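An overview of the molecular structure
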Amino acid sequence: MTIHHFHPEGLPEAHGLYDPRNEHDACGIGLLANIHNIKSHQTVADGLRILKNLEHRGAVGADPKAGDGAGILIQIPHDFFTAEAARIGFDLPAAGQYGVGFLFMPREPVYRQDIERIWWETAREEGLKVLGWRDVPVDRSVLGYSVVDTEPMHRQVFIGRGPTIRDEAQFERKLFVCRKVVSNRVVEVLGKKARAYYPVSVSCRTVVYKGLVLGAEVPNYYLDLKDERVTSAFALVHQRFSTNTFPSWPLAHPYRFICHNGEINTVRGNFNWMAARQANMKSEVLGEDLSKLWPISYEGQSDTACFDNALELLYMGGYSLPHAMMMLIPEAWAGNPLMDEDRRAFYEHHAAMMEPWDGPAAMVFTDGKVIGATLDRNGLRPSRYLVTDDGFVMLASEMGCLEFAEERINKKWRLQPGKMLLIDLDKKAIISDEDLKKDLSTANPYKDWLKKTQVVLRDLPKAKTQRPKPAVPLLDRQQAFGYSQEDLKILMAPMATTGQEAVGSMGNDSPVSALSDRPKLLDTYFKQNFAQVTNPPIDPIREELVMSLVSFIGPRPNLLDLKGTSKHMRLEVSQPILTNEELERIRNIGEVRENPFRTVTIDITYDVANGARYMEAALDSVTAQAERAVRDGYNIIILSDRAVSAERVPIPSLLATSATHHHLIRKGLRTLVGLVVESGEPREVHQFCALAGYGAEAINPYLAFETLEGLLPTLDEKVSAYEAVKRFIKAVDKGILKVMSKMGISTYQSYCGA
């Protein structure tokens, strides 16, 4: 799998503690739309006025003219572009028969010529035709001194619709394919010089103007926006505040479909899972063009850019825009007893296809035909809107961005957690959240599809056989996995009696593992992240309704399967910590009738006689066995260190899990298999979280359970072994939720592999 890196000009290389992959932002968003699809320059001007009034939500450094980025997304102003094309010397066809690409280009003419040549050639190959080019007029005097050197050349390319293209939707898809092919070829031809190239938007419906300017200066920089002929029925605007990061031209918003206030805290995992799907994705809508689209996102892109790319793939693959948004940012469904069954089935079906892109998010989105806004399941970003009597909808991070006479206002309200506001320009109507989701959730028989593809662990029959008790004494195995008296008395005993982690007030003054001269467990080399801009943090106790530990084990269905034809089944567990009995159900699942699951157990121990240096070879053997098992048709892998003894040394479970997870991603096989870890190592919350973060969909801490049984006589409260295990699992679950909440993540699905 080829990895393409995204590194725009203006961003430094990764060094020290800085990594461009950690680019996040917290911003101001705005939307103004005419419900009746009446285009006017006043709508554009008012959108820019909203942007100006959101300036306090942006950031300015020592250079008073350099902002973190601002921009506007509007409909293609056909009359304006027709006149401009005639002035330059080429003709444009009717509206909808051509597309406009807004491109950031290198300032060096020789590189621009290469890029333009690639556009001409690729468009012809894709059945399109380049009609002409235009320089976008700008006023450089509004740029800050720190920005001038990174300013790209702004060019617009006009692309005609080919004779084989049936309709506007197919034309939009072809423009998408053409843009992706061009981007990949530019990287191949120009190498590092490709950093100065970025396709801001390529569409037959919309165009984006954005850059590293202050919000108030956007119309002063892009002179087009002052022209009365530039009209639109809506305007999406965005003022960026990049948190602890470096602003750059491509990272300004809006993107091609969205602008976003917040951060996607699970972007690392989302990026990996999208890449893992590449080998097994098929689309009736895109057909052979699908193979031209990879990579969907480039290594180093921001969280919002990756989200926009994923949304674009789903949309171009045949989903409606609101449908795709509900897949990526689902409302809380697992713990909501009031949700109707059709809608719950809709979310549960798609949960097996796509993990949530989780984090605080106020999103405004459009494809040029519908405009909408949605809020994350926690509602951690402000978003208010109003509707006027003459058919305008204004939504922004706060009210007051644009003044309306009070008598003109029919409705004032706010976006609620997980809810969606949608304006359909074809229907000339606002579609309510209830009506929209009812239509989508009943459009297909999702409950029937679930019955065919979903197996719930608790519904499986009990295993006929149990694992024999090991001959190695408990104390020897505890020592082999690094247990200490502190683990037993201070960590595990309280979990077995109270059902929650022990609370201590003393700090940890032991040296960090990398500097310690004592042997440390691998997980101690990792620290839990905190979200950069999630404010306030999620409270996993009070906000239990929106938190979910549901996990799915097994193959992931084809993401672009619109008709429920997938034959892959997934095993649903209500939480990821498995008892010994539950693990045996999974291990023996292949014996259940009419069941497509096949489980294989891979030993992650090796012969002690081979010495410590043999661990790398042992790890290679584990990943090779995992790859072979998937190719042989096994769809659940259990990584087990139960064979530990005086003769067998365990590979650290975190190392074995992460190596297997990433090896299968690189081979394009990860979405065909579920990963379960059977290990004696995990006993505290951080260890379970580390395993989850590196791809474990479920974990069986068998030695922790045996240890609890051994501790029963010493506990302050008399409890049974069953009750002790139950309380321990409850404590671990609560601990995982606590760690996830610090990262601004609400679902285990999003945390797994992130």
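Summary of the structure given here. (Residues numbered from 1 in each chain as written. Predicted model: local features only at pLDDT ≥ 70, side-chain atom pairs only at ≥ 80, totals over all residues. Heavy atoms only, no water.)

Things to note about the packing of helix 8 (residues 321-328) against helix 10 (residues 433-441)
Inclusion rule: Only C-alpha atoms enter the line fits that serve as axes; for helices the fit covers just the stretch in contact. Angles between N-to-C directions range over 0 to 180 degrees. In this text, helices come from DSSP runs of H or I with a minimum length of four residues, and strands from runs of E with a minimum of two, each type numbered from the N-terminal end. Angles below 35 degrees are treated as roughly parallel, those above 145 as roughly antiparallel, those between 65 and 115 as roughly perpendicular, and all remaining angles as oblique. In what follows, residue pairs with any heavy atoms lying within 4.5 Å of each other are defined as contacts. Gly falls in the polar group here, along with every residue not listed as nonpolar (Ala, Val, Leu, Ile, Met, Phe, Trp, Tyr, Cys, Pro) or charged (Asp, Glu, Lys, Arg).
In the contact formed by helix 8 and helix 10, the axes pass within 11 Å of each other and the chain directions differ by 90 degrees. Considering their axes alone, helix 8 and helix 10 lie roughly perpendicular with respect to each other. Between helix 8 and helix 10, the residues in contact are Pro322, His323 and Met326 and Leu436, Lys437 and Leu440, respectively. Of the residues assigned to the contact of helix 8 with helix 10, the class counts are four nonpolar, one polar and one charged.

Quick notes on the pairing of strand 14 (residues 384-388)
Counted only if it meets this: The buried label applies to any residue whose accessible area, calculated with a 1.4 Å probe on protein chains only, is under 20% of its type's maximum; exposed applies above 50%, and partly exposed to all values in between. Paired strands, in this sense, are two strands between which DSSP finds at least two bridges.
Where burial is concerned, most of strand 14 is hidden: four out of the five residues are buried. Where strand 14 meets strand 15 (residues 392-396), four bridges bridge the pair, whose relative direction is antiparallel. Bridge pairing in strand 15 links valine 387 to valine 393. Counting the residues between successive antiparallel strands, the hairpin from strand 14 to strand 15 contains three residues, one of them, glycine 391, with a positive phi of roughly 90 degrees. Pairing of strand 14 with strand 16 (residues 409-414), which is carried by five bridges, proceeds in the antiparallel orientation. The residue of strand 16 that forms the bridge with leucine 386 is lysine 412.

Concerning helix 2 (residues 78-88)
Note the threshold: Taken from the helix axis, the directions to the C-beta atoms give the arc we talk about.
Burial in helix 2 covers these residues: Phe80, Phe81, Glu84 and Ala85. Down the axis of helix 2, the smallest arc covering the buried residues is 130 degrees, so these residues share one side. Across helix 2 from its buried face, at more than 90 degrees, point the exposed residues Asp79, Ala86 and Arg87. Buried positions along helix 2 lie against strand 4 (98-105), strand 5 (129-135), strand 6 (153-160) and strand 8 (206-211). In the stretch just after helix 2, glycine 89 is the one whose phi turns positive, near 125 degrees.

Quick notes on the packing of aromatic side chains
The criterion, for reference: Note on aromatic pairs: the rings of Phe, Tyr and Trp (six-membered ring only in Trp) are paired at centre separations within 6.5 Å, and the planes decide the class, stacked below 30 degrees, edge-to-face beyond 60, tilted for the rest.
Taken as a whole, this structure holds 21 aromatic pairs when the rule is applied. Ring geometry for phenylalanine 104 against tyrosine 198: centres 6.2 Å apart, planes inclined by 35 degrees, an arrangement best described as tilted. Residue phenylalanine 104 is found in strand 4, and its partner tyrosine 198 is found in strand 7 (residues 198-203); the two are separated by 94 residues along the sequence. Classification of phenylalanine 104 as buried rests on a relative accessible area of 2%. Overall, the relative accessible area of 6% leaves tyrosine 198 in the buried class. Ring geometry for phenylalanine 346 versus tyrosine 446: centroids 5.2 Å apart, planes at 90 degrees, classification edge-to-face. Highlighted residues: phenylalanine 346 in helix 9 (residues 341-351) and tyrosine 446 in helix 11 (residues 446-453), separated in sequence by 100 residues. We classify tyrosine 446 as buried; its relative accessible area is 3%. In this structure an aromatic cluster arises from ring pairing among Phe102, Phe104, Tyr198, Tyr209, Tyr221, Tyr222 and Trp249.

Some remarks on the environment of glutamine 301
Just so we agree on the cut-off: Polar contacts, as counted here, are pairs of nitrogen or oxygen atoms within 3.5 Å of one another; within protein the pair requires one atom able to donate a hydrogen and one able to accept it, and residues that are adjacent in sequence qualify only if both atoms are side-chain atoms.
Mapped onto the fold, glutamine 301 is located in the loop between helix 6 (267-276) and helix 7 (303-316). Sequence separation between glutamine 301 and arginine 381 is 80 residues; the distance between their C-alpha atoms is 22 Å. Here tyrosine 298 takes part through its backbone nitrogen, which lies 3.0 Å from a polar atom of the side chain of glutamine 301. Engagement of the side chain of glutamine 301 in a polar contact is seen with the side chain of asparagine 309, the distance being 2.9 Å.

Side note on the side chain of serine 640
As for its placement among the helices and strands, serine 640 is situated in strand 24 (residues 636-640). Among all residues touching serine 640, those that are not within four sequence positions of it are Arg467, Thr601, Ile602, Asp603, Ile604 and Glu678.

Some details on unusual backbone geometry
In this structure, proline 254 follows histidine 253 across a cis peptide bond, with omega equal to -5 degrees. A cis amide bond, omega -5 degrees, links tryptophan 294 with the succeeding residue proline 295. Here proline 295 shows up in the loop between helix 6 and helix 7. With a phi angle near 60 degrees, asparagine 37 is a residue other than glycine that sits in the positive phi range. Its location among the elements puts asparagine 37 in the loop between strand 2 (28-34) and helix 1 (41-53).

A closer look at the pattern of salt bridges
For clarity, the cut-off: What counts as a salt bridge is simple: a side-chain nitrogen of Lys or Arg found within 4 Å of a carboxyl oxygen of Asp or Glu.
All chains considered together, the criterion is met by 46 salt bridges. For aspartate 227, the salt bridge is made with arginine 229, and the minimal N-O distance between the two is 2.8 Å. Across the pair arginine 631 and glutamate 627 runs a salt bridge whose closest N-O atoms are separated by 3.1 Å. On the criterion of helical spacing, the pair formed by arginine 631 and glutamate 627 is a turn pair, its members being four residues apart in helix 15 (residues 615-631). Among the charged side chains, a network of salt bridges with common partners joins Glu84, Arg87, Arg134, Asp224, Asp227 and Arg229.

A short note on the sheet that holds strand 20 (residues 551-553)
One open sheet holds the three strands; their spatial order is 19-21-20, and the pairing between them is mixed. For this open sheet the edge positions go to strand 19 (454-456) and strand 20, each flanked by a neighbour on one side alone. The average undirected angle you get between the axes of adjacent strands in this sheet is 35 degrees. Note that strand 20 and strand 21 (residues 570-573) share three bridges and pair antiparallel. Across the sheet, phenylalanine 552 pairs through a bridge with glutamate 572, a residue of strand 21.

Comments concerning helix 13 (residues 485-498)
Threshold: An expected span of 1.5 Å times one less than the residue number is assigned to each helix.
Between its first and last C-alpha atoms helix 13 spans 19 Å; for 14 residues at 1.5 Å apiece the expected length is 20 Å, and the two agree. Among the residues making up helix 13, those that are buried are Asp487, Leu488, Met492, Ala493, Pro494, Met495, Ala496 and Thr497. Against the buried residues of helix 13 lie helix 12 (474-480), helix 18 (702-711) and helix 19 (721-742). Positive phi shows up at glycine 499, right after helix 13, with a value of about 75 degrees.

Quick look at the pairing of strand 6
The buried fraction of strand 6 amounts to eight of the eight residues, a majority that puts the element mostly inside the structure. What you see with strand 6 is no split at all: Met153, Arg155, Val157 and Ile159 on one side and His154, Gln156, Phe158 and Gly160 on the other are buried throughout. Two elements, strand 4 and strand 6, share eight bridges in a ladder whose sense is antiparallel. In the strand pairing of strand 6, phenylalanine 104 is matched with histidine 154.

Looking at the packing of helix 9 against helix 10
Going by this rule: Throughout, a crossing is termed right-handed when the near helix is turned clockwise from the far one, and left-handed when it is turned anticlockwise from it by less than a right angle.
In contact at an axis separation of 9 Å, helix 9 and helix 10 are set at 65 degrees when each is read in the N-to-C sense. On the basis of the axis angle, helix 9 is roughly perpendicular to helix 10. Seen along the crossing, helix 9 lies across helix 10 with a hand that is left-handed. Across from Asp342, Arg343, Phe346 and Tyr347 in helix 9, the residues of helix 10 making contact are Asp433, Glu434, Lys437, Leu440 and Ser441. Among the residues making up the contact of helix 9 with helix 10, the classes are represented as three nonpolar, one polar and five charged.

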